[in-house]
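Next come the chains, spelled out residue by residue.
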Amino acid sequence: MSSTSEHATPGFLVWRLSTKWRVAVDRAVAPLGLTHAQYSLVASLYGMHRAGRRPSQRQLADHTGLEPLYVSKLARALETAGVVDRTRDPADPRAIRLSLTEDGREVARRAIGVVQGLLEQLLEPLGGLGGERTKAFSRELATLLDVPLDAPIDAPLDAPLDAPIDAPLDAPLDTHLHSHPAEEQP
């Protein structure tokens, strides 16, 4: 474990890992004309298409965890690039249905292959994509993702009083946790 992460909170580590992986995917799919966020949409649409689904922008937003307005912006850019078709839903004129174009399916297949290779490399320390540690890691991440955002968050009553007000909640522990005066040795 690096010295940066030795005393870090789980939230800080998840944030750092997410940032690192996002940058890695951005670099990997850039030659295909995609960003990481666009890849998320294209790969999701590809999987949904294979399952016989043609989702609305809202359904795709729910699936990817991205904000609906952001999905709309990404879908318009992908439409301009000839990767995605956007059409009004005849059953609900407010809804926009998304599908990949023929070129979009080819871009998606290539991008998924590139990202699968990248994930194999990034997950090698856990045994690769098929490794038991990777499967356990994925189960733990899924458990955390299932926690609702609207759950009440109560500050612990024994939180340090000298923690900086602007300290991020997920900053490394040693940046905002100090010993209590009663615990100090003379």
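The structure presented is a predicted model; accordingly, all values stated were derived computationally and were not measured. (Residues numbered from 1 in each chain as written. Predicted model: local features only at pLDDT ≥ 70, side-chain atom pairs only at ≥ 80, totals over all residues. Heavy atoms only, no water.)

## Let's talk about the overall build of the protein chain
The following threshold applies: The numbering of helices and of strands both runs from the N terminus, where a helix is a DSSP run of H or I of at least 4 residues and a strand a run of E of at least 2. The classification of residues rests on relative accessible area computed with a 1.4 Å probe and restricted to protein chains. Under 20% of the type maximum is buried, over 50% is exposed, and intermediate values are partly exposed. Pairs of residues are marked as contacts when any of their non-hydrogen atoms sit within 4.5 Å. Here the accessible surface of atoms and residues is derived via Shrake-Rupley with a 1.4 Å probe, and residues count as covered only by protein chains that are part of the display.
Tallying secondary structure elements over the protein chain gives six helices and two strands in all. Element order for the protein chain, N to C, with α for helix and β for strand: α-α-α-α-β-β-α-α. Per-residue burial for the protein chain yields a buried fraction of 28% across its 186 residues. The long-range fraction of contacts in the protein chain, counting pairs at least 24 apart against all pairs at least 6 apart in sequence, stands at 46%. Put simply, the protein chain shows about 12900 Å² of open surface, and 57% of that area lies on carbon and sulfur atoms.

## Regarding the pairing of strand β2 (residues 92–100)
Selection criterion: Each pair of strands is called paired provided DSSP finds at least two bridges between the two strands.
Bridge analysis of strand β1 (residues 84–89) against β2 gives six bridges, and the strand direction is antiparallel. Paired with Val 84 across the bridge in β2 is Leu 100. Connecting β1 to the antiparallel partner β2 that follows it, the hairpin turn spans two residues.

## Regarding the packing of helix α1 (residues 10–29) against helix α5 (residues 102–122)
Spelled out, the test is: In this analysis, axes come from line fits to C-alpha atoms, helices being fitted only over the stretch in contact, and the angle between any two N-to-C directions falls in the range 0 to 180 degrees. Our angle categories are set so that under 35 degrees counts as roughly parallel, over 145 as roughly antiparallel, 65 to 115 as roughly perpendicular, and the remainder as oblique. For any helix crossing, the convention is left-handed if the near helix is rotated counterclockwise from the far helix by under a right angle, and right-handed if that rotation is clockwise. Following the grouping adopted for this structure description, the nonpolar residues are Ala, Val, Leu, Ile, Met, Phe, Trp, Tyr, Cys and Pro, the charged ones are Asp, Glu, Lys and Arg, and the polar ones are all others, Gly among them.
Close contact between α1 and α5 brings their axes to 10 Å; oriented N to C, the two are set at 140 degrees. Considering the angle they form, α1 stands oblique to α5. Considering how the two elements wind past one another, α1 and α5 form a crossing that is right-handed. Where α1 abuts α5, its residues Trp 21, Ala 24, Val 25, Ala 28 and Val 29 lie against Ala 111, Val 114, Val 115, Leu 118, Leu 119 and Leu 122. Residues of the contact of α1 with α5, tallied by class, amount to eleven nonpolar, no polar and no charged.

## Let's talk about the side chain of Ser 44
Position of Ser 44 relative to the elements: it lies in helix α2 (residues 36–50). Residue classification places Ser 44 among the buried residues on the basis of a relative accessible area of 14%. In this structure, Ser 44 is in contact with Tyr 39, Leu 60, His 63 and Thr 64, ignoring residues within four places of it in sequence.

## Brief notes about the confidence of the model for the protein chain
Test applied: Residue-level confidence of the predictor is what pLDDT reports, using numbers from 0 through 100.
Across the protein chain, the average pLDDT comes to 85, with 78% of residues at 70 or higher. Counted against residues more than four places away or in other chains, residues 171–186, with its pLDDT under 50, gives 22 contacts.

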